[in-house]
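Read off the chains here:
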Amino acid sequence: MTRTPLSLLDTDSLIGDDDRAMRDTVRSFVEERLKPEIAGWYENADVPVRDLALEFGKLGLLGMHLEGYGCAGTSATAYGLACLELEAGDSGLRSIVSVQGSLAMYAIWKHGSDAQKDEWLPRMATGEAIGCFGLTEPDFGSNPGGMRTRARLDAPGNPQSDWVLTGNKMWITNGTVADVAVVWARAEDGVRGFVVPTDTPGFTATEIKHKMSLRASVTAELSLDEVRLPASAMLPEARGLSGPLSCLTEARFGIVFGSLGAARDCLETTIAYAAEREIFDRRLSSYQLTQAKLADMSVELGKGMLLALHLGRLKDEGRLPAEAVSIGKLNNTREAIAIARECRTILGAAGITLEYPLMRHANNLESVLTYEGTSEVHQLVIGQALTGESAFR
Ligand SMILES: Cc1cc2nc3c(=O)[nH]c(=O)nc-3n(C[C@H](O)[C@H](O)[C@H](O)COP(=O)(O)OP(=O)(O)OC[C@H]3O[C@@H](n4cnc5c(N)ncnc54)[C@H](O)[C@@H]3O)c2cc1C
């Protein structure tokens, strides 16, 4: 009898019944609905985000760990496990859910006014309204504090004054399909967040083509040309960079789990392939070198899962520090991409095709290493916590 990599450590025994039931529902959805389509969506760089958002909404996956406003209100661990299952399908599919729930919805839920929450969150939870999150700019990625997008008051001194936003945002997931954009801009008193309906005059989104990674995800450049918004468009509770960073910590938490889904899919695919493939008249899985690779990868996957579940428990108890999320994001994305590449070697030439998910996952994980804080940025976060010295600049 053979065992799956995660069953070796019985990590399921660390997951509560409700969370496991939810996880199994998402796993079945990914197997039956998403996996048969994903290679085509990836190859054609054409993914039906609107249809999928409605389906994710029906499953209760959008903003699932938030309370109220039609959100499911699950545990943070359940949210992480959903991310893991979705990313076993494709990182692009998990990105749809991450950006909607952890970035756009969370920003409004955490920092918004009651009116903003009532207007947007229920429709975003069902997937009827899609959100995006505009922080990165062409010249400011790891250092968003340098952003050039400006928010100026049309009539300074008048509390009812309109805001006028001007600038560009780059690499924005769901940008061209979004109904609402949470845009971060520099105002007189520092960085502020704005809820921008995407049909506001002066707002345009242009899809970024020719990506070799996250092809089953829409990425866009946003242009804001004198976009006029009412006073009520500003997120009242977000002041300074801590506003967007609080959202990034949410999304990074999902990636701690999500990246392991891609790694698990690679490893399970590879174990099955090696059991069938005959080389020099023996099964590939019977060679010591192959088994050493499979063993090492299973060790890393298991360690990553234990780390993710630990962070999930800390988050559910309300005591998860951002540095711990950095440890999880750094380790699990780094190990996931190493696993995807190593699995590819075991499939030989077959590993480079879309018939198998390895190269697709490996290419996707290049983006996952980069967004939500690059590996280097997370090393600097951890380094600062250890030494008390900021080495960012
Ligand atoms: C597919 C995709 C989707 C995305 N979706 C979104 C989105 O929805 N919303 C959004 O706002 N952004 C999004 N991003 C942008 C993402 O967050 C940025 O790409 C990321 O923050 C890195 O910024 P950058 O690409 O400008 O790289 P840079 O910041 O230019 O970094 C280049 C290199 O320099 C390194 N570096 C940076 N600082 C230091 C330092 N102090 N010391 C040493 N090395 C350093 C980095 O680690 C990296 O290796 C997305 C990106 C991708 C690829």
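Residues numbered from 1 in each chain as written. Predicted model: local features only at pLDDT ≥ 70, side-chain atom pairs only at ≥ 80, totals over all residues. Heavy atoms only, no water.

**Re the nonpolar core**
Item 1. Membership of the largest hydrophobic core comes to 96 residues, with the highest contact counts inside it found for Leu34, Phe56, Phe133 and Trp184.
Item 2. When residues no more than four places from it in sequence are discounted, the contact partners of Leu34 are Phe29, Trp41, Leu52, Phe56, Leu86 and Leu93.
Item 3. In this structure, Trp163, Phe194, Ala233 and Met234 belong to the second largest nonpolar core, which totals 19 residues. (Core = buried A, V, L, I, M, F, W, Y, C linked by side-chain atoms within 4.5 Å. Buried < 20%, exposed > 50% of the residue type's maximum accessible area, 1.4 Å probe, protein only. Contact = heavy atoms within 4.5 Å.)

**Things to note about the domain arrangement of the protein**
It is common to report an interface's size as the accessible area lost on association of the parts.
Item 1. For the protein, the assigned domains read domain 1 (5–126), domain 2 (131–239) and domain 3 (243–387).
Item 2. In this structure, domain 1 and domain 2 have C-alpha centres spaced 24 Å apart.
Item 3. Taken together, the 29 residues of domain 1 in the interface contact 26 residues of domain 2.
Item 4. Its largest share of buried area at the contact with domain 2, domain 1 owes to Tyr42, His111 and Trp120, together 26% of the area lost on that side.
Item 5. Viewed at the interface, domain 2 and domain 1 are joined by 1 salt bridge.
Item 6. Taking the shortest distance from any N to any O, the salt bridge between Asp179 and Arg50 comes out at 2.9 Å.
Item 7. At the junction of domain 1 and domain 2, the tally comes to 10 residue pairs in polar contact (both at pLDDT 80 or more).
Item 8. Of all the secondary-structure elements, those providing two or more residues to the side of domain 1 that touches domain 2 are α1 (17–44), α2 (49–58), α4 (91–111) and α5 (114–126).
Item 9. By residue number, the principal contributor to the side of domain 1 that touches domain 2 is α4, which donates 13 residues.
Item 10. In terms of residue class, the side of domain 1 that touches domain 2 is built from 15 nonpolar, 9 polar and 5 charged. (Domains from an automatic or database assignment. Buried area = accessible area lost by both parts, 1.4 Å probe. Salt bridge = Lys/Arg side-chain N within 4 Å of Asp/Glu carboxyl O. Polar contact = N/O pair within 3.5 Å; in protein donor to acceptor, adjacent residues only side chain to side chain. Helix = DSSP H or I, 4+ residues; strand = E, 2+ residues; numbered from the N terminus. Nonpolar A, V, L, I, M, F, W, Y, C, P; charged D, E, K, R; others polar.)

**Points about the pattern of salt bridges**
Oppositely charged side chains can pair when the atoms bearing their charge come close.
Item 1. Tallying each qualifying case throughout the model produces 25 salt bridges.
Item 2. Residue Arg228 pairs with Asp162 through a salt bridge whose shortest N-O separation is 3.1 Å. Pair noted here: Arg228 is in strand β7 (residues 219–229) and Asp162 is in the loop between β2 (150–153) and β3 (163–173), with a separation of 66 residues, a long-range link.
Item 3. Owing to a relative accessible area of 26%, Asp162 belongs among the partly exposed residues under this scheme.
Item 4. In this structure, a network of salt bridges that share partners links the residues Arg152, Asp154, Asp162, Glu226 and Arg228.

**Comments concerning the site of the ligand**
Item 1. Taken together, 17 residues surround the ligand, and among them Thr136, Ser142, Trp171, Thr374 and Glu376 come closest.
Item 2. At a separation of 2.8 Å, a nitrogen atom of the ligand approaches a polar side-chain atom of Thr173.
Item 3. Phe392 has a polar backbone atom sitting 2.9 Å from a nitrogen atom of the ligand.
Item 4. Relative to its unbound accessible surface of 980 Å², the ligand loses 68% to contact with the protein.
Item 5. For the ligand, the cavity whose grid points lie within 2 Å of the majority of its atoms is the largest pocket.
Item 6. When residues of the shell around the ligand are assigned to their parent elements, the largest contribution, 3 residues, is made by β3.
Item 7. Counting contributing residues per domain, the shell around the ligand is built from domain 2 (131–239) and domain 3 (243–387), each supplying no fewer than three. (Near = heavy atom within 4 Å. Areas by Shrake-Rupley, 256 points an atom, 1.4 Å probe, with all protein chains shown as cover. 1 Å grid on protein atoms, 1.4 Å probe; cavity = no way out; pocket = protein on both sides within 12 Å on 5 of 7 lines; lining within 4 Å. Sits in = over half its atoms within 2 Å of the grid points.)

**Brief notes about the packing of α2 against α4**
Item 1. The contact between α2 and α4 brings their axes to 11 Å, and the two run at 65°. Here α4 runs roughly perpendicular to α2, going by the angle between their axes. The handedness of the crossing between α2 and α4 comes out as right-handed. Residue-level inspection shows Val49, Leu52 and Phe56 of α2 in contact with α4, the latter providing Leu93, Ile96 and Val97.
Item 2. Across the contact of α2 with α4, the residue classes tally to 6 nonpolar, no polar and no charged. (Axes fitted to C-alpha atoms, helices over the stretch in contact; angles between N-to-C directions. Parallel < 35°, antiparallel > 145°, perpendicular 65-115°, else oblique. Left-handed = near helix turned anticlockwise from the far one by under 90°.)

**Here we look at helix α9 (residues 358–370)**
Item 1. For α9, spanning 13 residues, the distance from its first C-alpha to its last is 19 Å, which sits close to the expected 18 Å at 1.5 Å a residue.
Item 2. Within α9, the full set of buried residues consists of Leu358, Arg360, His361, Ala362, Asn364, Leu365, Ser367, Val368 and Leu369.
Item 3. Against α1, α3 (76–89), α4, α6 (242–276), α8 (322–347) and α10 (375–387) lie the buried residues of α9.
Item 4. Trailing α9 by a residue or two, Glu372 shows a phi angle of about 60°, which is positive. (Expected span 1.5 Å × (residues − 1).)

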